[in-house]
Amino acid sequence: MGLRIGVLTAGGDCPGLNAVIRGVVRTANSCYDATVVGFQDGWNGLVNNLRVQLYDNESIDKILGQGGTILGTGRMNPYELESRLDDIKATLADNEIDAVIPIGGDGTLRGGRWLMENGINVVGVPKTIDNDVANTDYTFGFDTAVSIATDAIDRLHTTAESHQRVMLVEVMGRNAGWIALQAGMAGGAHMVVIPEVPFDVNHIAKLMERRFQMGESYAICVVAEGALPKEGTMEMRSGGIDKFGHEIYTGVAQQLGDELRSRLNDRDIRTTVLGHIQRGGTPTAFDRVLGTRFGVNAVHAVAEGDFGKVVAVRNDRIERISLDDAVGHSKKVPMDRYKEMEALFG
């Protein structure tokens, strides 16, 4: 029997996932006469043997520009996943799978490393809309998210100016502020708040007020969802931790807006939370290409038996890095990039 590859998408969805799946299927079929089995709904499909065979045909070709993931996605608590090792091995044996390609972020790639430690062949594909996976220049979905956020900021300029408002735009970015930084610069924001640099609400208020004193009629501030205030400058509500170990956010932009309102003489302040709009819809050309390249090269790694690796892009070249190098440390916005944006504040 020929090579058989299992593929799954786990964690949050993002534009470009289907491009990866298409790249995997077409490369496996055309280059290696291999079979691809898709496991549905993330790790749940691998644990419970929920699968569908994927063919290189007209239907797989059409998913290139489609958002979301045709396999469905989901999360599983790491402790629950590890308790189901026997079920996973039974699923792989039942489907005669030679290697698994998990597509996901830090948690998914950690799961892939755990599979490797337990004798299962893995080649990972990094996926995070926040662009914070270590040792890869970009992850697919990020470019689409930045484009959507930039378009929103462009639109908010006109309504903010018409009503002389301060507009706070909350974008995704739990631990890293790449979306806020890129969209803020592309959209001409007057302030950007990111997790890497704790903010001082009094400083932001003074900056906004100075704009109005200089004759400007409005201001736009882009806020990453994971941004935090400097200690002692502002109280933030706590949302606790969810069952997957992620912090539950309580709306930093709205809370910042409430604080600014009291400092800016009750000036009209509005908050727009883009949320999952950034995840949905058609991927950009960049994300389609990057996702496809990741899928193609993941299959080549499987066929060459180069397991325990993650495909990554560096200086526009696809490389393979170890699972250890991809997980456990997120790629933060460096201070020189933040200072470039900081020069445009006000």
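What counts, and where the lines are drawn
Residues numbered from 1 in each chain as written. Predicted model: local features only at pLDDT ≥ 70, side-chain atom pairs only at ≥ 80, totals over all residues. Heavy atoms only, no water. UniProt positions renumbered as here; feature names shortened; annotations may be inferred. Pairing = 2+ DSSP bridges. Helix = DSSP H or I, 4+ residues; strand = E, 2+ residues; numbered from the N terminus. Axes fitted to C-alpha atoms, helices over the stretch in contact; angles between N-to-C directions. Parallel < 35°, antiparallel > 145°, perpendicular 65-115°, else oblique. Left-handed = near helix turned anticlockwise from the far one by under 90°. Contact = heavy atoms within 4.5 Å. Nonpolar A, V, L, I, M, F, W, Y, C, P; charged D, E, K, R; others polar. Expected span 1.5 Å × (residues − 1). Buried < 20%, exposed > 50% of the residue type's maximum accessible area, 1.4 Å probe, protein only.

An unreviewed UniProt entry annotates the protein as ATP-dependent 6-phosphofructokinase originating from Lawsonella clevelandensis. Under the UniProt heading Catalytic activity (unreviewed entry), the entry covering the protein gives this text: "beta-D-fructose 6-phosphate + ATP = beta-D-fructose 1,6-bisphosphate + ADP + H(+)". The Function (unreviewed entry) field of the UniProt record for the protein holds the comment "Catalyzes the phosphorylation of D-fructose 6-phosphate to fructose 1,6-bisphosphate by ATP, the first committing step of glycolysis."

Below, the discussion takes up the sheet that holds strand 11 (residues 317-322). If you walk across this open sheet you meet the 7 strands as 3-2-1-4-5-10-11, and the pairing is mixed. Pairing within the sheet leaves two strands with one partner each, and these edge strands are strand 3 (51-54) and strand 11. Ignoring strand direction, the axes of neighbouring strands in this sheet form an average angle of 30°. In this structure, strand 1 (residues 4-9) lies alongside strand 2 (residues 35-39), joined through 4 bridges in parallel fashion.

Remark: helix 1 (residues 17-32) packs on helix 11 (residues 285-303), axes separated minimally by 7 Å, with the N-to-C direction vectors making an angle of 40°. It follows that helix 1 is oblique to helix 11 by the angle criterion. Judged by the sense of rotation from one axis to the other, the crossing of helix 1 with helix 11 is right-handed. Only Arg288, Gly291, Thr292, Gly295, Val296, Val299, His300 and Ala303 of helix 11 make contact with helix 1, whose side of the interface consists of Ala19, Val20, Arg22, Gly23, Val24, Thr27, Ala28, Cys31 and Tyr32. A breakdown of the residues in the contact of helix 1 with helix 11 according to their chemical character gives 9 nonpolar, 6 polar and 2 charged.

Attention shifts here to the sheet that holds strand 6 (residues 166-171). Across a sheet, paired strands are connected by hydrogen bonds in the backbone, their directions being either parallel or antiparallel. Strands sit in the order 7-8-6-9 across an open sheet of 4 strands; the sheet is parallel. Single-partner strands in this sheet number two, and they are strand 7 (191-193) and strand 9 (269-273). Neighbour-to-neighbour, the strand axes of the sheet open up by a mean angle of 20°, direction not taken into account. Taken together, the 3 bridges between strand 7 and strand 8 (residues 219-224) define a ladder with parallel strand orientation.

At 3.6 residues per turn, the α-helix brings residues three or four places apart onto the same side. For helix 7 (residues 142-163), with 22 residues, the first-to-last C-alpha span of 31 Å sits near the 32 Å given by 1.5 Å per residue. Those residues of helix 7 lying buried are Phe142, Thr144, Ala145, Val146, Ala149, Thr150, Ala152, Ile153, Leu156, His157 and Ala160. Tucked into the core, helix 7 has its buried residues touching strand 6, helix 8 (178-186), strand 8, strand 9 and helix 11. Backbone geometry just downstream of helix 7 places Gln164 in the positive-phi region, at approximately 55°.

Positive phi outside glycine occurs at Asp33, with the angle close to 50°. Note that Asp33 resides in the loop between helix 1 and strand 2. Phi is positive for Asn315, close to 50°, though the residue is something other than glycine. Looking at the element boundaries, Asn315 is found in the loop between strand 10 (309-314) and strand 11. Accessibility expressed as a relative area gives 71% for Asn315, which makes it exposed.

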